[in-house]
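# Descriptive structure summary
Listed below, chain by chain, are the residues.
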Amino acid sequence: MGEKKHIMKKEMELRGKESVEENICVVTRVRPLSSKEVETNCPNIVSVDIENRMLSITKPGESTNNKPRTFTFSFDYIFPETSSQMDVYRNVAKPIVDKVLEGYNGTLIAYGQTGTGKTFTMSGDDDPSMQGIIPNTFNHIFSKISSTTEDIIFAISVSYLEIYNEEVKDLLAGKNDKKLKMYENEDGAVYVKDAICLAVDSVESITELMRRGNANRKTRATLMNDRSSRSHAIFMINIEQRCQGDNTMVLGKLNLVDLAGSERLIRTQATGDGLKEATNINQSLSVLSNVIATLAEGKGGHVPYRSSKLTRLLQNSLGGNSKTTIIATVSPASMDFEETHSTLRYAARCKLIKNRAVINRTSSTGLIAQFEAELQKLEMELALVSAHEKEEIEMINSNHNMKRVKCSKQKISTPEIDEEVKRQEEELKSTEEQKNDLLSRISSIQKLILVGGENLIEKAKRQQFLLESSDAELKNLDKSHKHLQEELEKKGAERIDVEEKYNTLQEEDTELTKKILKCQEQLSAIKEEYAIKEHEYQRDEEALIDSNRLLLREVQLANVMTAQYIPKEYWRTIESNVQWNKETLEFQTRGVAYTGNNMQQGRGDNGSNVPYAYGMNRPYGEYHRKPRIRHSSVPRPRRYIYMTKGSRAQ
Ligand SMILES: Nc1ncnc2c1ncn2[C@@H]1O[C@H](COP(=O)(O)OP(=O)(O)OP(=O)(O)O)[C@@H](O)[C@H]1O
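Below, the structure is looked at part by part. (Residues numbered from 1 in each chain as written. Predicted model: local features only at pLDDT ≥ 70, side-chain atom pairs only at ≥ 80, totals over all residues.)

### What to know about the nonpolar core
Looking at soluble globular proteins, one finds that nonpolar side chains tend to be buried together. Core analysis: the biggest nonpolar cluster contains 89 residues, and Val26, Leu108, Ile156 and Ile326 have the highest contact counts within it. Among the elements that take part in this core, strand E8 (residues 152-164) stands out by supplying nine residues, more than any other. Those residues in contact with leucine 108 that sit more than four places away from it in its chain are Val92, Ala93, Ile96, Ile133, Leu256, Val257, Thr325 and Ile327. (Core = buried A, V, L, I, M, F, W, Y, C linked by C-beta atoms within 7 Å. Buried ≥ 20, exposed ≤ 12 C-beta atoms within 10 Å, placed from the backbone. Helix = DSSP H or I, 4+ residues; strand = E, 2+ residues; numbered from the N terminus. Contact = placed C-beta atoms within 7 Å.)

### Thoughts on the site of the ligand
As a matter of local geometry, the ligand sits amid 17 residues, with Gly117, Thr119, Phe120, Ser228 and Gly261 nearest to it. Broken down by secondary-structure element, the contributors of at least two residues to the shell around the ligand are helix H4 (118-122) and strand E14 (228-229). The leading source of residues in the shell around the ligand is H4, at three residues. Of the residues that constitute the shell around the ligand, the class distribution is three nonpolar, 11 polar and three charged. (Near = placed C-beta within 6 Å. Nonpolar A, V, L, I, M, F, W, Y, C, P; charged D, E, K, R; others polar.)

### A look at unusual backbone geometry
Of note in the backbone geometry, asparagine 41 takes a positive phi value of approximately 55 degrees without being a glycine. Tracing the chain through its elements places asparagine 41 in the loop between helix H2 (35-39) and strand E3 (46-49). By the C-beta count within 10 Å, which is 7 here, asparagine 41 ends up exposed. In the Ramachandran plot, arginine 53 falls in the positive-phi region, its phi being about 55 degrees despite a non-glycine side chain. For arginine 53, the position within the fold is in the loop between E3 and strand E4 (54-64).

### Let's talk about the pairing of strand E15 (residues 232-243)
For a regular strand, side-chain orientation follows a simple rule: the groups alternate between the two sheet faces. In terms of residue burial, E15 counts as a mostly covered element, since 10 of its 12 residues are buried. Bridge count for E8 against E15 is 12 bridges, and the pairing is antiparallel. Along E15, the bridge assignment pairs alanine 155 with glutamate 240. Of the pairings in the sheet, the one linking E15 to strand E16 (residues 249-258) comprises 10 bridges and is antiparallel in character. For methionine 236, the partnering residue across the bridge sits in E16 and is asparagine 255. Two successive antiparallel strands, E15 and E16, enclose a turn made up of five residues, where asparagine 247 displays a positive phi of approximately 60 degrees. (Pairing = 2+ DSSP bridges.)

### Regarding the environment of alanine 195
Following the sequence through the fold, alanine 195 ends up in the loop between strand E11 (190-192) and strand E12 (198-200). Under the C-beta neighbour-count criterion, alanine 195 is labelled buried, with 20 such atoms within 10 Å. Residues alanine 195 and aspartate 170, 25 residues apart in the sequence, show an inter-C-alpha distance of 6.3 Å. Sequence-distant contacts of alanine 195, defined by excluding residues within four places in its chain, comprise Ser159, Leu161, Asp170 and Leu180.

### Some remarks on helix H12 (residues 415-448)
In this model H12 runs 50 Å from its N-terminal to its C-terminal C-alpha over 34 residues, within 8% of the 50 Å that 1.5 Å per residue would give. Among all positions in H12, only Gln424, Thr431, Leu438 and Leu448 are buried. (Expected span 1.5 Å × (residues − 1).)

### Thoughts on the pairing of strand E20 (residues 578-581)
Across four bridges, the pairing between E20 and strand E21 (residues 586-589) is antiparallel. If you follow asparagine 581 over to E21, its bridge partner there is glutamate 586. Linkage of E20 to E21, two consecutive antiparallel strands, is achieved through a turn of four residues, within which leucine 585 is found at a positive phi near 55 degrees.

Next comes the structure, spelled out in structure tokens:
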């Protein structure tokens, strides 16, 4: 005994090393509005954002700042009203069943207000497309076994229990209402003593057990549901498998739990047995809620599993060795707001629970070993019976021979021999019956040992096809989603490109606009300058015209003067001695002693007749130097006389 405990402790230590802690998976499923709710125009308060896995509910009649008050929750997966049974199976149950087939414990729990679709989700209807998780699981398991290799053998067994008014009942035991007791085994796992556990060899046989159990389940019509489940039901499937090559054994346990629905007594108006059932249901759900709250806190304190049969049975699934998923079912109807809100809060809390699942490696004392031992025993019996049968046949044959010899020799009848043959033939018949019975027992046990790769049933294959086709559909969807995503990314990149180009163009445009503005400024400055210059030019032109006019007058005056005052002979002398100096822009005379004032002075001083030099003392314009006659090359200071417009020459 001590050695066994030691081995178990070692095994548990090993399991601890192999396991990984992970959060419970929590999903929600919204049922469609019922025909009654549609008829009464009941508002839908639920909105689902599948992509972001968010679900929001709106509180009827309450708003802050004119906005309706909404509560948003996020879950691992959300199934809107339009989700099919296969959608739920593929996304929620299939991953867990696959893990159970690897040897893990798996649990699926449907939780929610009464009438929100727990039984619909777990069991569904007979119509194949309406089948719920439990029947889809059968097809999945058997088709998976069909597709494994021959060197793995399986044994599948089933139990179906319910907890009704805090009593554990066996749903496979017919109408026998025997209460069952729960115990803990050596490694702490809770089990129900004397619960029927039947081995199954096909989808048909397991479906038959489910139907039998469902027929025995307590249901009642209530104000909230025509066929309300009044008990928590747990369908348990054990999958044991052994690899023939290395003799390794694993045992996966799958618990499929359809809880009774929580209900507000004021709404169901239950009385009598209905009231007692509802009180027990609410009580056990409240203990479940406490267990979840304690586990969610994660402080490792005392968890009140023992406070109800339900929590005790689910001990391993909540905070223990199991891959667990909770499916919270909710109603979209506005009148169910309180219940929906409470279910969602409860479910959100479940997300915090951590489990630590490990593959259950078993010793050889499992179902397969039991079957093999029984087969061995039956085959030994068969060998004995066959040997006996052979002896009997031989004896009968020898009696027949004896009878033939006696009859032919003595020509007498042999009543003793006839009697003996008759007796022996009866014995042979019974031996043959015994042999047939043994053969059929052997064959039925052999059928329960499922060999991997065997074509177990066509239906399972069909279901597998359904699953695979939905997988393929999903893959196709994924593909087109990916394609769309890529297209979107491409378009996004193109848009960025265009935006960049647009930005550069805009920048260029701004630059050019700046340049244009600058050019425009320069142009207007130039125009302004041009206008000023034009004005100045006009002024100069006018001044030139004026000065020309003045010069003309002066020339005429000079001509008159020279004609009158300079005799012709002097005139020729002056002409021949006068030269135009290009540099000084003056006339210069050779051999003339006096110019300008000197000449005037000279004439005045010495009384000579030297005439006034040409142009002397004559103002003639603003910009023009008056040509002067100079005698000597010695320069003398120039005199300029400026004349502004309107002033007169002196
Ligand atoms: N997703 C769904 N699609 C279509 N019909 C649904 C869906 N969910 C629930 N229903 C329908 O709603 C009704 C109530 O569902 P169901 O009996 O499964 O509720 P429940 O949660 O198990 O209730 P209870 O706790 O009272 O047993 C049924 O008629 C069922 O067919």
